[in-house]
Amino acid sequence: MSLWFKRKEKGIQTATEQKKDTPKGLWYKSPTGKIVESEELAKNFYVSPEDDYHVRIGSKEYFEILFDGNKFTELDAKLHSKDPLKFTDTKKYTDRLKAAQKKTGLKDAVRTGYGKSFGKDIVICCMDFNFIGGSMGSVVGEKIVRGIDYAIKKKVPFLMISKSGGARMMEAALSLMQLAKTSAKLAQLAEAGLPYISLCTDPTTGGTTASYAMLGDINISEPGALIGFAGPRVVKEATGKDLPDDFQTSEFVQEHGFLDFITHRRDLKKNINLYIDLIQNIPIRK
């Protein structure tokens, strides 16, 4: 009896130009090894259904989730970074910016949208980690400040979605100035009596954590997100102590009082608007 699966001819016979690669993005493998179809992943709010792992997403996906019908007006869309320090390491900062813009289709590491969520107007600033690690430079700080100004002008709530590796070293002190700049503008938002919700996603670190990410009227996060100032390796070396397995996860941070709530991504829209209604002491939207 012949075996149907036995190879009759040795060697690969298909010409290189005839080979068909599996389309990129068709499948996603989570860190725990669970495999999910990309289309199913998108329908499940970019959360792996088997292990509940929250996949890193950017402004495009968060805007889809939070704005009604994904309808919004993008603010300051053309604002982009310059190179005032003429910074060069292994390559020029200007070249890094051009490469990041070409790769991501973004102008910088944050986007701002104005639209309706659960029927009411809101301004949302969302960081993109794919753009130079979501690093915070002058444009990031400026766009956040302008977003807050727009919220004050329109008298609407402000939501900040942080996802960052910290300050952008190529802008040195100019980057660090954004910590004070954004914090001062948030004080003006508070004086105007408008709600500020801070959503910390994976990862939220460095100067971002040291400023606007922890200044919300309510600070929330997604399950399993990395939240901290310096990374675990640096903390371990500085303290000389072994760290807990869950160190700097959103669950650990909440347990130690730095977060108010952890929200599953499927409940983000509902819960964010619930917190806004509670802060404003208005009827809760269903």
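Whatever comes next refers back to the structure up there.
Keep in mind that this is a model prediction, so the values were computed, not measured. (Residues numbered from 1 in each chain as written. Predicted model: local features only at pLDDT ≥ 70, side-chain atom pairs only at ≥ 80, totals over all residues. Heavy atoms only, no water.)

Draft legend 1. Quick peek at the overall build of the protein. Along the backbone of the protein there are nine helices and nine strands. By its C-alpha atoms, the protein is 85 × 50 × 45 Å across when sized along the principal axes. Out of the 286 residues belonging to the protein, those deemed buried represent 43%. Sequence-distant contacts, at least 24 apart, represent 66% of the contacts inside the protein between residues at least 6 apart. Element-wise, carbon and sulfur atoms account for 55% of the exposed surface of the protein, whose accessible area totals about 16100 Å². The average position of the 44 basic charges and that of the 36 acidic charges among the side chains of the protein differ by 6 Å. (Helix = DSSP H or I, 4+ residues; strand = E, 2+ residues; numbered from the N terminus. Buried < 20%, exposed > 50% of the residue type's maximum accessible area, 1.4 Å probe, protein only. Contact = heavy atoms within 4.5 Å. Areas by Shrake-Rupley, 256 points an atom, 1.4 Å probe, with all protein chains shown as cover. Lys, Arg positive; Asp, Glu negative; His and termini not counted. Charge placed at Lys NZ, Arg CZ, Asp CG, Glu CD.)

Draft legend 2. Seen up close, the nonpolar core. Core analysis: the biggest nonpolar cluster contains 27 residues, and Val140, Ile144, Phe158, Met160, Leu189 and Tyr212 have the highest contact counts within it. Within the residue set of this core, elements represented by two or more residues are helix H3 (93–104), strand E4 (110–117), strand E5 (120–127), helix H4 (138–154), strand E6 (158–164) and helix H5 (172–191). By residue number, the principal contributor to this core is H4, which donates four residues. Residues within four places of methionine 160 in sequence aside, it is in contact with Val110, Cys125, Met127, Ile144, Tyr196, Ile197, Ser198, Leu199 and Tyr212. (Core = buried A, V, L, I, M, F, W, Y, C linked by side-chain atoms within 4.5 Å.)

Draft legend 3. Expanded view of a negative patch on the surface. Together, Asp245, Asp246, Glu251 and Glu255 make up a region of like negative charge exposed at the surface. Here aspartate 246 lies in the loop between helix H7 (232–239) and helix H8 (250–255). For aspartate 246, a relative accessible area of 35% corresponds to the partly exposed category. (Patch = residues over 30% accessible without salt bridge, like charges linked within 9 Å, V, L, I, M, F, W, Y side chains within 5 Å. Salt bridge = Lys/Arg side-chain N within 4 Å of Asp/Glu carboxyl O.)

Draft legend 4. Quick peek at the pattern of salt bridges. All told, the structure shown has 18 salt bridges when counted by the stated rule. In this structure, the salt-bridge partner of aspartate 68 is lysine 269, at a minimum N-O distance of 2.7 Å. Highlighted residues: aspartate 68 in the loop between helix H2 (59–66) and strand E3 (72–75) and lysine 269 in helix H9 (residues 268–280), separated in sequence by 201 residues. You can call lysine 269 buried: its relative accessible area is 17%. Residue glutamate 74 pairs with arginine 111 through a salt bridge whose shortest N-O separation is 3.1 Å. You can see glutamate 74 sitting in strand E3 and its partner arginine 111 sitting in strand E4, a full 37 residues away along the chain. Because the salt bridges share partners, they merge into one network encompassing Asp76, Glu142, Arg146 and Lys181.

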